[in-house]
Amino acid sequence: MWKRSKARRYKKQEKKSMVIKQVELQHVCGITSKLPDTGQVEVAFAGKSNVGKSSLINALMNRKSLARTSAQPGKTQTINYYHINEEMYLVDLPGYGFARASEEVKAKWGKLIEDYLHQSKMLHAVFLLIDIRHAPSNNDRIMYDWILRNGYQPIIIATKLDKIKRSQLQKQIKLIRETLEVEKDTIVIPFSAETKQGREEIWNLIDEIRSDAEESGE
């Protein structure tokens, strides 16, 4: 599990990221589904419905349409398990905060995410995606606290990096940190699905998480 002690000792490493030889969407779970016991390391990705989560997943996998992007926010209503190189799982959680969704639908999405965070036996880290252009929303703050309460140290990915000027980067990262009231050692990775900046750093971190899990036998 990615806890504070591990976050403190993580240092940006210059090395080649994982080579994606094989990836498949292996499990799709809705509100009535039983969550699978995968038996392999899982890392989860959470974020509001228009934050660019599908674009991030496609960029990580070097695929154009593995995770379907949509002009209609809130399209992902299931938990999607992507099996990578038959070694680990990347888990795509439902997008939250879609304004036009009914309260009933929002409640179902919330329960689905909560059940996963609480029940998964193989979850080792949760990445929370935040749009770098804006201050985190109330829903973002709720999700950040939710992840913390479930025992995980959220790793922040600041998406849509290519949409801001380079001179704005540190200001926007500071805004994210202050709005979420993150702990000092919380990792924030700026990312662009267009330029792929941040991809190597995300994969290096995932590699470290997986290695830690395998060494500890978790």
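One can find the structure itself at the top, above this paragraph.
Remember, predicted model here, so these are calculated numbers, not experimental data. (Residues numbered from 1 in each chain as written. Predicted model: local features only at pLDDT ≥ 70, side-chain atom pairs only at ≥ 80, totals over all residues. Heavy atoms only, no water.)

Structurally, the position occupied by Ser 192 is in the loop between β7 (188-190) and α6 (199-216). The exposure class assigned to Ser 192 is buried, which follows from its relative accessible area of 1%. Through-space distance from the C-alpha of Ser 192 to that of Ala 59 is 9.0 Å; in sequence the pair is 133 residues apart. Apart from residues no more than four positions distant in its own chain, Ser 192 is found in contact with Leu 161, Asp 162 and Gln 197. Within the local environment of Ser 192, its side chain forms a polar contact with the backbone nitrogen of Thr 195, the two atoms lying 3.1 Å apart. (Helix = DSSP H or I, 4+ residues; strand = E, 2+ residues; numbered from the N terminus. Buried < 20%, exposed > 50% of the residue type's maximum accessible area, 1.4 Å probe, protein only. Contact = heavy atoms within 4.5 Å. Polar contact = N/O pair within 3.5 Å; in protein donor to acceptor, adjacent residues only side chain to side chain.)

Once that is clear, we can look at the nonpolar core. Membership of the largest hydrophobic core comes to 34 residues, with the highest contact counts inside it found for Ile 79, Tyr 81, Val 91, Leu 93, Tyr 116, Leu 128 and Ile 156. The residues touching Ile 156, leaving out its near neighbours within four places in the chain, are Leu 128, Ile 130, Tyr 144, Ile 176, Leu 180, Thr 186, Ile 187, Val 188 and Ile 189. (Core = buried A, V, L, I, M, F, W, Y, C linked by side-chain atoms within 4.5 Å.)

Turning to the environment of Ile 187, a few remarks are in order. Structurally, Ile 187 can be placed in the loop between α5 (169-180) and β7. For the pair Ile 187 and Ile 156, spaced 31 residues apart in sequence, the C-alpha separation works out to 6.1 Å.

What follows deals with the sheet that holds β7. Spatially, seven strands are ordered β1-β3-β4-β2-β5-β6-β7 in an open sheet, and the strand pairing comes out mixed. Here the strands that pair on one side only, and so sit at the sheet edges, are β1 (23-29) and β7. Averaged over all pairs of adjacent strands, the angle between strand axes in this sheet comes to 25°, irrespective of strand direction. In this sheet, strand β3 (residues 79-84) lies alongside β1 in antiparallel orientation, the contact comprising six bridges. Residue pairing across strands places His 27 opposite Tyr 81, the latter belonging to β3. Each of β5 (123-131), β6 (155-159) and β7 is contacted by α5, which is oriented at about 145° to β7, the strand it contacts most. (Pairing = 2+ DSSP bridges. Axes fitted to C-alpha atoms, helices over the stretch in contact; angles between N-to-C directions.)

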